[in-house]
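Read off the chains here:
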Amino acid sequence: MWKQLLSAVLTAGVAAASPFATAAEPYPSKTIQLVVPYTPGGNTDLLGRIIAQKLGEAWNQTVVVENRPGAGGTTGVTQVARSKPDGHTLVLAAFGNILVAQSLYKNLSYDPATDLIPVVLLATPPTIVTVTPSLPVKDIKGLIAYAKANPGKLNYGSSGAGTSNHLFGELFASMADVRMTHVPYKGSGPAITDLMAGTIQLNFAPLPLVRQQIKAGSLRALAVTGSQRSPALPDVPTVAEAGLAGYEGNGWFALMVPKGTPRDVVTKLNAEVNRILKSPDVRTALETEGADPIGGTPADATRSMEQGIAKWRGLVGKLELKLE
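The model shown is predicted, which means the values in this text are computed figures rather than measured ones.

A. Looking closely at the packing of helix α7 (residues 164-176) against helix α12 (residues 298-319). It is the contact of α7 with α12, at a shortest axis distance of 11 Å, that shows an interaxial angle of 65 degrees. For the pair α7 and α12, the sense of crossing is left-handed. Two secondary-structure elements touch here, α7 through Leu-167, Phe-168, Glu-170, Leu-171 and Ser-174 and α12 through Trp-312, Leu-315, Val-316, Lys-318 and Leu-319. Across the contact of α7 with α12, the residue classes tally to seven nonpolar, one polar and two charged.

B. Seen up close, the sheet that holds strand β10 (residues 253-258). Pairing within the open sheet is mixed, and its five strands lie in the order β2-β1-β3-β10-β4. Every other strand in the sheet has two partners, leaving β2 (63-67) and β4 (116-123) as the edge strands with one partner each. Between one strand axis and the next, the sheet turns by 25 degrees as a mean value, whatever way the strands run. Alignment of strand β1 (residues 32-36) against strand β3 (residues 89-94), held across three bridges, turns out to be parallel. Considered in β3, the bridge of Leu-34 is made with Leu-90. Packed onto the sheet, helix α2 (residues 43-59) meets β1, β2, β3, β4 and β10 and runs at close to 165 degrees relative to β2.

C. Inspection of unusual backbone geometry at higher detail. Omega for the peptide link from Tyr-27 to Pro-28 comes to -5 degrees, which places this bond in the cis form. Its identity is not glycine, yet Asp-177 carries a phi of approximately 60 degrees, on the positive side. Along the chain, the position of Asp-177 falls in the loop between α7 and β7 (181-184). Phi at Glu-320 takes a positive value of approximately 55 degrees, unusual for a residue other than glycine. Note on placement: Glu-320 falls in the segment after α12. Overall, the relative accessible area of 70% leaves Glu-320 in the exposed class.

D. Highlighting the nonpolar core. If you look at the biggest cluster of nonpolar residues, it comprises 51 residues, and the most contacted ones within it are Leu-143, Phe-172 and Trp-252. Setting aside residues up to four positions removed in sequence, Trp-252 forms contacts with Ala-93, Ala-94, Phe-95, Ile-98, Leu-99, Leu-121, Ala-123, Thr-124, Ala-301, Ser-304 and Met-305. Within the second largest apolar cluster, 30 residues are counted, among which are Ile-51, Val-65, Ile-117 and Phe-253.

E. Representation of the packing of α2 against helix α10 (residues 263-278) within the structure. For the pair α2 and α10, the least separation of the axes is 10 Å and the interaxial angle reads 110 degrees. By the angle class used here, α2 and α10 are roughly perpendicular. The interaxial crossing formed by α2 with α10 has right-handed handedness. Residues Ile-51, Lys-54, Leu-55, Ala-58 and Trp-59 of α2 form the contact with α10, whose participating residues are Lys-268, Leu-269, Glu-272, Val-273, Arg-275, Ile-276 and Leu-277. In terms of residue class, the contact of α2 with α10 is made up of eight nonpolar, no polar and four charged.

F. Region of interest: the sheet that holds strand β5 (residues 127-131). Strand order in the open sheet formed by five strands is β7-β6-β8-β5-β9, with mixed pairing between adjacent strands. Two strands in the sheet have a free side with no partner beyond their single neighbour: β7 and β9 (220-224). Within this sheet the neighbouring strands show an average axis-to-axis angle of 30 degrees, counted without direction. Looking at chain direction, β5 and strand β8 (residues 202-206) are connected through five bridges and run antiparallel. Note that in β8 the partner of Ile-128 across the bridge is Ala-205. The strands that helix α6 (residues 140-149) touches are β5, β8 and β9; relative to β9, the one it contacts most, it runs at about 100 degrees.

G. Structural view of the packing of aromatic side chains. Taken as a whole and judged by the stated rule, the model has seven aromatic pairs. Measuring from centroid to centroid gives 6.0 Å for Tyr-156 and Phe-204, while their planes differ by 80 degrees, and the two rings are edge-to-face. Of this pair, Tyr-156 sits in strand β6 (residues 155-158) while Phe-204 sits in strand β8; the two residues are 48 residues apart in sequence, bridging distant segments of the chain. Phe-204 shares its class with Tyr-156; the two are buried. When the centroid spacing of 5.8 Å and the interplanar angle of 35 degrees are considered together, the rings of Phe-168 and Trp-312 count as tilted. Of this pair, Phe-168 sits in helix α7 while Trp-312 is found in helix α12, placing the two residues 144 residues apart along the sequence. Of the two residues, Phe-168 and Trp-312, neither departs from the other in class, the shared state being buried.

Criteria and thresholds
Residues numbered from 1 in each chain as written. Predicted model: local features only at pLDDT ≥ 70, side-chain atom pairs only at ≥ 80, totals over all residues. Heavy atoms only, no water. Axes fitted to C-alpha atoms, helices over the stretch in contact; angles between N-to-C directions. Helix = DSSP H or I, 4+ residues; strand = E, 2+ residues; numbered from the N terminus. Left-handed = near helix turned anticlockwise from the far one by under 90°. Contact = heavy atoms within 4.5 Å. Nonpolar A, V, L, I, M, F, W, Y, C, P; charged D, E, K, R; others polar. Pairing = 2+ DSSP bridges. Buried < 20%, exposed > 50% of the residue type's maximum accessible area, 1.4 Å probe, protein only. Core = buried A, V, L, I, M, F, W, Y, C linked by side-chain atoms within 4.5 Å. Parallel < 35°, antiparallel > 145°, perpendicular 65-115°, else oblique. Phe/Tyr/Trp six-rings, centres within 6.5 Å; stacked < 30°, edge-to-face > 60°.

Structural data, given as structure tokens:
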């Protein structure tokens, strides 16, 4: 209770300059809707369901996950940006619909920096360069050699145009000077299903969706896209280690709310999600799947968003990528 009182006092003192309103009633006062802008079963969906379950338990309130895939994850974000800013509609925002959306889409209906408020940064996990075992390559150097010998014939899947695993593939192709064919899906789950079936040969895949298949030998992990190896796959090198110096790509997940959401609601959400991320069971679950929980303040999340937008804008511009 003292946190709410302190927040109310601080908000009152800066009301004239604050972009947030003050909540008029106790929060939460009704069912919370957490929009996941991708299909069920993907890494964004898995993370969203962990947060939803824990929020519901902590506040004794129903938290419903609504999957709203489409347009590279921007459909769901659009829905939340236009929702009532009372803290009862949240979005599990990701790399594609926040960090690169403005650079990619000609007619994006929202501005990530002004129409939404970052509540907390959740995780920035790498992906795994994963191939079907029928592809005759064993490592990154072999993958590059195969792509050079077969220009345009190597099909790689993603969870949608403009998503992280799409851009990670484009970054790889650009730095390796190879030509690959991008095959967009409406989520990571369908893309992995087709990778398993051999319909596509390559995926920059979320670890939770391919970890068991890699261990079983039904998929082959070539490298990790981040700057360091994953504790979940310690024997798998980074792309940079494996032969493509300077390569790095990390996902980005944050909880966001519509502009105008009351400051004390944002503060309460931030505090509770930070507590959730620090809980032993959640930390273990995320770290086991290669996603170190981050947390921090809304300002930290905003800073990370701004840095990511600046970083990836350059690649999108260089490649002249544009989506409708």
